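Residue-level listing of the chains:
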Amino acid sequence: MSGTSTGADPGTGADPGTSTAVCLGETMAQVTPADGEGLERSRELRLAVAGAESTVAQYLADLGHRAAWVSRVGDDPFGRRIVAAVAERGVDVSGVRADADAPTGVYFKDPGPDGTRVHYYRGGSAASRMGPDDADRVDLSGVRLLHLTGITPALSEGCAALVRTLMERAAETGTLVSFDVNYRPALWSSRDDAAKALLDLARRADVVLVGRDEGEALWGTPAAEDIRDHLAPRGTLVVKDGSVGATEFGAGTREFVAAPVVEVVEAVGAGDAFAAGYLSALLNGAAAHDRLALGHRLAGRTLRSIEDYVPAAAATEGN
């Protein structure tokens, strides 16, 4: 396997296997106009860190859990900055490797009157070079939760194989697997390929999170109940429906919690915040209503900000 240890502060644990939750996936350098103007007009750009899985790990650490993030970054300034930023939030980054032969991915946010567009420059990134061998440095013994998303298997065949391998190993160790569908059309060769692959992975997971709009786009399932019937999940399914609310389907149970009214500044990152809030409450043994409610609260914080990640303290989130 190409790559070396980042040498960054490992955060709260000696290795990912000592953590309560392990999150695996790509994190990129994020470039955003500092003045809120579009990329064509802005004179000043701001550099930040953004990635679905590392964002979830940071929120889980904020909420008192021992969280680890596993990935690859380039052996470059962007990669080092990313690892340092995530570690600073108390996340174990000892499972991150620096690849000397591939760059860290970068994406640009382009705000406009009709919303924010995102431009990705991640082809051939270090994270896209991950494969099944990377599973050998993820010790799941004693880990309660493995969090994955549908972004990772879209990056490469190797990444898709890594996700399947980790799901199989989690089943052997009794580790709960959460899977956020996170459908990104630009990353897939076709919608049909995405629909097939994401359906297979969702059916392997213990907890599935999916947007109602994602379900309709992928599988032609317009309502939460339609998604449940199509997925036939092995465990728990959570369907998020934007400003309407979220529904959890369990073994013969259904719980809906309306989304609070929020003045939306930007929607990017809200889904990851919701996932983290929901999973934190799940790890703490909270009831379905409280799991969904905490997800909404964290998502609301992100919706009111231009940041993908808005630090949350356990005491202020009622957890």
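Preceding this paragraph is the structure being described.
Residues numbered from 1 in each chain as written. Predicted model: local features only at pLDDT ≥ 70, side-chain atom pairs only at ≥ 80, totals over all residues. Heavy atoms only, no water.

Draft legend 1. Structural view of the pattern of salt bridges. Counting across every chain of the model gives 18 salt bridges. With a closest N to O distance of 3.0 Å, Arg89 and Asp62 form a salt bridge. Note that Arg89 is positioned in the loop between α2 (77-88) and β6 (96-99) and Asp62 in helix α1 (residues 52-62), a separation of 27 residues in sequence. With a closest N to O distance of 2.9 Å, Arg129 and Asp99 form a salt bridge. In this pair, Arg129 is assigned in the loop between β8 (115-121) and β9 (145-149) and Asp99 in strand β6, connecting sequence segments 30 residues apart. Accessibility expressed as a relative area gives 1% for Asp99, which makes it buried. One network of salt bridges, with partners in common, ties together Arg72, Asp99, Arg129, Asp134 and Arg137. (Salt bridge = Lys/Arg side-chain N within 4 Å of Asp/Glu carboxyl O. Helix = DSSP H or I, 4+ residues; strand = E, 2+ residues; numbered from the N terminus. Buried < 20%, exposed > 50% of the residue type's maximum accessible area, 1.4 Å probe, protein only.)

Draft legend 2. Highlighting the pairing of strand β14 (residues 254-258). The sheet contact formed by strand β13 (residues 245-249) and β14 spans five bridges and is antiparallel. Its bridge partner being in β14, Glu248 is matched across the sheet by Glu255. A loop of four residues connects β13 with β14, the two strands running antiparallel in sequence, and Gly252 in this loop sits at a positive phi of about 75°. (Pairing = 2+ DSSP bridges.)

Draft legend 3. The arrangement of unusual backbone geometry in detail. The backbone of Asn182 sits at a positive phi, close to 40°, despite the residue not being glycine. Within the fold, Asn182 resides in the loop between β10 (176-180) and α5 (191-204). One non-glycine residue, Ala232, lies in positive phi territory at about 45°. Tracing the chain through its elements places Ala232 in the loop between α7 (224-231) and β12 (236-241). Classification of Ala232 by relative accessible area gives exposed; the value is 54%.

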